[in-house]
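Observations on chain architecture
Listed below, chain by chain, are the residues.
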Amino acid sequence: MTSSFSSRLSGVAAGLAVVVAAWFATTSVTKADEMDDILKKGELVVAVQTQGPPVSFVDKKGERTGLAVEIAKQMAADLGVKVVFQDYDWKGLIPALLAGKADMIAGDMTPTPQRASQLLFSRPMFFNDTLAFASKDSQFKTWQDLNKEGVTVAALQGSTYADAVSKYLPKATLKVFSGGGPAVAQTLTMGRVDAMVGGQDYNSYVRQFGNLKPLEGTMTREPLAFATRPNAFHLKMWLDNYVELKTADNSLQSLLAYWWTSDAWEKDHK
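Here the structure is a predicted model, which means the values were calculated and not measured. (Residues numbered from 1 in each chain as written. Predicted model: local features only at pLDDT ≥ 70, side-chain atom pairs only at ≥ 80, totals over all residues. Heavy atoms only, no water.)

1. Some remarks on the nonpolar core
I105, M109, L146, V153, L169 and M196 are the most contacted members of the largest nonpolar core, which totals 47 residues. The residues contacting V153, other than those within four sequence positions of it, are L146, V165, L169, A172, T173, L174, K175, A195, M196 and V197. With 33 residues, the next largest nonpolar core counts V46, M75, M104 and F226 among its residues. (Core = buried A, V, L, I, M, F, W, Y, C linked by side-chain atoms within 4.5 Å. Buried < 20%, exposed > 50% of the residue type's maximum accessible area, 1.4 Å probe, protein only. Contact = heavy atoms within 4.5 Å.)

Listed below in structure tokens is the structure:
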């Protein structure tokens, strides 16, 4: 075999390799385009937390609603597709998404480095202050007062609230619970723990139970985002664009004002 023929053969092989690689890349992108699949099947399947007012819950009329739910409903309407909600406990959201049971998670999820290594997150939909709460007759005044031996602090299992307790209250004993914020709050109001750590939406439990109080100070402030699978690049970009669009026309701010930064939703849904 001459060197010139060998060179031409190598060039052909290299060219074929490029074509094959491009074909596989195109096929992979096509198969991974979750947005295209959503439009073809005519429905957006959304994983939500079962018990998490005011983000996602069943109201007094038996209807699924909440901040994340209403955002997802509007997303589906703007896409011209049907929205289908799948209910999970908090710890079941990510496994359900990765198993392909939903197109995205709509909730108050913080894009931590660990979660972001598994998922694609949208731009922040809103922000959340991490706060501490105790019984109204307790001697605790600030969240720092909880950092003592013998103090038990409740938090939602698998949440960044539990992480905050471990990081900022290392002397206290952390107890985690499933079942959403209501289960954590009930544990405190029943006197089974000394305090709890949660989001600013936990102020609704102060109003609901009457024997709780927020402690002074903010432990952390976290961005909250929606999430999809790691190969769903088109859907992730669409979510980012949606946040921009709905921020520009003030519709996202209106939802936040009703559901997140006030108690206006309570009289209509509790």
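2. Examining the packing of aromatic side chains
Considering all chains together, one arrives at 10 aromatic pairs under this definition. Relative to W259, the ring of F57 lies with its centre 6.1 Å away and its plane at 70 degrees, an arrangement referred to as edge-to-face. Residue F57 is found in strand β2 (residues 57-58), and its partner W259 is found in helix α10 (residues 251-259); the two are separated by 202 residues along the sequence. Judged by its relative accessible area of 7%, F57 is buried. (Phe/Tyr/Trp six-rings, centres within 6.5 Å; stacked < 30°, edge-to-face > 60°. Helix = DSSP H or I, 4+ residues; strand = E, 2+ residues; numbered from the N terminus.)

3. Observations regarding the pattern of salt bridges
Inspection of every chain in the model, using the stated rule, returns 12 salt bridges. The closest approach of N and O atoms between K41 and D103, which form a salt bridge, is 3.1 Å. Of this pair, K41 sits in helix α2 (residues 34-41) while D103 is found in the loop between α4 (93-98) and β5 (104-109), placing the two residues 62 residues apart along the sequence. The class for D103 is buried, based on a relative accessible area of 5%. R207 is paired through a salt bridge with D263; the nearest N and O atoms lie 3.7 Å apart. Of the two residues, R207 sits in helix α8 (residues 203-209) while D263 sits in the loop between α10 and α11 (264-269), which places them 56 residues apart along the sequence. A residue is classified by how much of its surface remains accessible, and R207, at 43% relative accessible area, is partly exposed. Given the relative accessible area of 39%, D263 is considered partly exposed. (Salt bridge = Lys/Arg side-chain N within 4 Å of Asp/Glu carboxyl O.)

4. Description of the side chain of D240
As for its position among the elements, D240 is in helix α9 (residues 233-248). Using a relative accessible area of 12% as the deciding quantity, one classes D240 as buried. Of the polar contacts made by the side chain of D240, one reaches the side chain of K236; its length is 2.7 Å. Leaving out residues up to four positions away in the same chain, D240 has contacts with F121, S122 and R123. (Polar contact = N/O pair within 3.5 Å; in protein donor to acceptor, adjacent residues only side chain to side chain.)

5. Examining the environment of G191
Here G191 is to be found in the loop between α7 (180-189) and β10 (195-199). When the C-alpha atoms of G191 and S135 are compared, they prove to be 8.0 Å apart, with 56 residues separating the residues in sequence.

6. Some thoughts on the environment of M75
Checked against the element boundaries, M75 lands in helix α3 (residues 67-79). The exposure class of M75 is buried, given its relative accessible area of 0%. Here the alpha-carbon distance between M75 and Y242, two residues 167 residues apart in the chain, equals 8.1 Å. With residues up to four places along the chain from it excluded, the contact list for M75 reads L44, M104, M125, F226, W238, L239 and Y242.

7. With respect to the pairing of strand β12 (residues 220-228)
Every other side chain in a regular strand lies on the same face of the sheet, so the side chains alternate between the two faces. Counting buried residues in β12 gives seven out of nine residues, a clear majority hidden from the surface. As defined by bridge partners, β5 adjoins β12 across three bridges and the pair is classed as antiparallel. Across the sheet, the residue bridging to I105 is A227, located in β12. (Pairing = 2+ DSSP bridges.)

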